[in-house]
Amino acid sequence: MSEPTAAPKKRIFSAIQPTGVFTLGNYIGAIRNWHKLQDDFDSIYCIADLHAITVLQEPAELRKNTMRAFALMLACGIDPKRSITFVQSQNPHHAELSWVLSCSTMFGELSRMTQFKDKSARHADNINAGLFTYPVLMAADILAYNADLVPIGADQKQHLELARNIAQRFNQRYGETFTVPDGYFPEQGARLMSLQDPTKKMSKSDENANACVYILDDKDTILRKFKRAVTDSDTEVCYKEGKDGINNLMTIYGAVTGKTMDEITAEFAGQGYGPFKEAVGEAVADHLAPVQAEYARLIADKAYLTQCMTEGAGQAFRITRKALQKVYRRVGFIDRL
Ligand code: TYM
């Protein structure tokens, strides 16, 4: 009797922009899940440099940041031997597919994207077409690999919904072509908030340096940022509506220690906010210390990083070449050489 063959693994795709050091939001909201899922799924992770140029970038800085982001991704535990890791611009199929998909995307759909509205308000002097069509490129990233699952934070949910709509529309128009992907969100921390204004998302682009923890911040900086975190006039550490600052700190503490909200409340009962904030800072710094050490090692080894990028781009290219061929046939293009 022949051995039963194992079902093929489902596929995951996700990406992050190389626009500076990753934040604790990027890490807890997305990259930790990438790491967690890489053994159980066929995983593909990418540094989205094509997306980054929708906002003005200094070219030399972008090149450096892309190398740093790639090293950071590996330092966070993404293993190029277990996952395909590459840089988006090194695989031309993303941009090619994006054009085809843009012809199955409605202007009205793109106009409704909240991130487009936010970013065009913030960069009023550079509301370029790429900023507008950005979600189509993101759909191309995902659909080119026929990903089943996309681990992301809550702020990318609307873009993922659009990718699903584009896939469904294309499939209806041209016949079954793309897998319709699902989002995958962390149980805790799908939306980490600013430490200075807990009604706003924690974001790299925040002008207030204390609002955001970067994963390469040193211990003193991390402790200081948490000490200064905005909370409320109450004293009880408990997760409740209206306590946005404390809820956010509890979410962060829970995410890095694995403790539940009830356990955290019990741990700090009667102690007030001071010791709690200090404990959050300590726990985050301890959690990030190995990532920082690994980053320091990797960034000094450019030859290894370049080799991983090149191999990853080759692997990615071979997957998307097949997908593109199918798409081109479906839409009626003559086979290319
Ligand atoms: P980016 O680079 O802004 O963020 C990378 C990931 O981090 C998550 N994230 C957060 N999660 C929780 N709390 C926060 N405060 C927080 N801030 C950021 C994001 O949700 C994201 O998962 N367009 C994407 C990159 C991209 C992509 C893709 C993602 C390009 N192509 C295809 C998935 C699939 C972006 O700008 O993410």
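Residues numbered from 1 in each chain as written. Predicted model: local features only at pLDDT ≥ 70, side-chain atom pairs only at ≥ 80, totals over all residues. Heavy atoms only, no water.

Some details on the overall build of the chain
Moving on, step 1. The number of helices and strands found in the chain is 13 helices and five strands.
Moving on, step 2. Relative to the 2.2 N^0.38 estimate, which gives 20 Å for 337 residues, the radius of gyration of the chain is 21 Å and therefore close to what a compact globule would have.
Moving on, step 3. Over its C-alpha atoms, taken along the principal directions, the chain stretches across nearly 70 × 55 × 45 Å.
Moving on, step 4. Per-residue burial for the chain yields a buried fraction of 50% across its 337 residues.
Moving on, step 5. Looking at the chain alone, contacts between residues at least 24 apart form 75% of all its contacts between residues at least 6 apart.
Moving on, step 6. Taken as two groups, the 40 positive and 40 negative side-chain charges of the chain have centres that lie 6 Å from each other. (Helix = DSSP H or I, 4+ residues; strand = E, 2+ residues; numbered from the N terminus. Rg over C-alpha atoms; globule rule 2.2 N^0.38 Å. Buried < 20%, exposed > 50% of the residue type's maximum accessible area, 1.4 Å probe, protein only. Contact = heavy atoms within 4.5 Å. Lys, Arg positive; Asp, Glu negative; His and termini not counted. Charge placed at Lys NZ, Arg CZ, Asp CG, Glu CD.)

Section: the site of the ligand
Moving on, step 1. Of all residues adjacent to the ligand, which total 26 residues, the nearest are Q17, Y134, D141, D155 and L192.
Moving on, step 2. Backbone polar atom of G25 to a nitrogen atom of the ligand: 3.2 Å apart, as the coordinates give it.
Moving on, step 3. Within the backbone of G153, a nitrogen or oxygen atom sits 2.8 Å from an oxygen atom of the ligand.
Moving on, step 4. In the complex, 96% of the free accessible area of the ligand, which totals 720 Å², lies under the protein chains.
Moving on, step 5. When its residues are assigned to classes, the shell around the ligand shows 13 nonpolar, nine polar and four charged. (Near = heavy atom within 4 Å. Polar contact = N/O pair within 3.5 Å; in protein donor to acceptor, adjacent residues only side chain to side chain. Areas by Shrake-Rupley, 256 points an atom, 1.4 Å probe, with all protein chains shown as cover. Nonpolar A, V, L, I, M, F, W, Y, C, P; charged D, E, K, R; others polar.)

A closer look at helix α12 (residues 273-299)
Residues that lie three or four places apart on an α-helix share one face, since the helix turns once every 3.6 residues.
Moving on, step 1. The first and last C-alpha atoms of α12 sit 37 Å apart over 27 residues, in line with the 39 Å expected at 1.5 Å per residue.
Moving on, step 2. A bend of about 35 degrees at A289 is the largest found in α12, and the proline P290 appears one to four places after it. (Expected span 1.5 Å × (residues − 1). Bend = angle between axes of the 7 residues up to and from the residue.)

What to know about the packing of aromatic side chains
Moving on, step 1. This model, assessed by the stated rule, comprises eleven aromatic pairs.
Moving on, step 2. Consider the rings of F268 and F276, whose centres lie 5.0 Å apart with planes at 65 degrees: the pair is edge-to-face. You'll find F268 and F276 in the same group, each marked buried.
Moving on, step 3. Between Y328 and F333 the ring centres are 4.9 Å apart and the planes differ by 85 degrees, which places this aromatic pair in the edge-to-face class.
Moving on, step 4. Members of the aromatic cluster, joined through ring pairs, are F13, F86 and Y145. (Phe/Tyr/Trp six-rings, centres within 6.5 Å; stacked < 30°, edge-to-face > 60°.)

Things to note about the domain arrangement of the chain
Moving on, step 1. As assigned here, the chain comprises domain 1 (11-190 + 301-331) and domain 2 (219-296).
Moving on, step 2. Computed over C-alpha atoms only, the centres of domain 1 and domain 2 are separated by 31 Å.
Moving on, step 3. Taken together, the contacts link eleven residues of domain 1 with 14 residues of domain 2.
Moving on, step 4. Both faces considered, domain 1 and domain 2 share a buried interface measuring about 1,000 Å² in area, 70% of it formed by carbon and sulfur atoms.
Moving on, step 5. At the surface where domain 1 touches domain 2, the tally comes to zero salt bridges.
Moving on, step 6. Put simply, domain 1 and domain 2 have three residue pairs in polar contact (both at pLDDT 80 or more) between them.
Moving on, step 7. For the side of domain 1 that touches domain 2, the class distribution of residues is seven nonpolar, two polar and two charged. (Domains from an automatic or database assignment. Buried area = accessible area lost by both parts, 1.4 Å probe. Salt bridge = Lys/Arg side-chain N within 4 Å of Asp/Glu carboxyl O.)

Focus: the nonpolar core
Moving on, step 1. One finds L24, F70, F226, I252, F276 and V284 to be the most contacted residues of the largest nonpolar core, which totals 60 residues.
Moving on, step 2. Both of domain 1 (11-190 + 301-331) and domain 2 (219-296) provide at least three residues apiece to this core.
Moving on, step 3. What V284 contacts, discounting residues up to four positions off in sequence, is L24, I222, F226, I252 and V256.
Moving on, step 4. Among the nonpolar cores identified, the runner-up in size contains 37 residues, and V100, F132, A140 and I152 belong to it. (Core = buried A, V, L, I, M, F, W, Y, C linked by side-chain atoms within 4.5 Å.)

A word on the environment of G153
Moving on, step 1. Looking at the element boundaries, G153 is found in the loop between β4 (149-151) and α8 (157-174).
Moving on, step 2. For the pair formed by G153 and K277, sequence separation is 124 residues and the distance between their alpha carbons is 24 Å.
Moving on, step 3. Excluding residues within four positions of it along the chain, G153 makes contact with G29, A30, F185 and A190.

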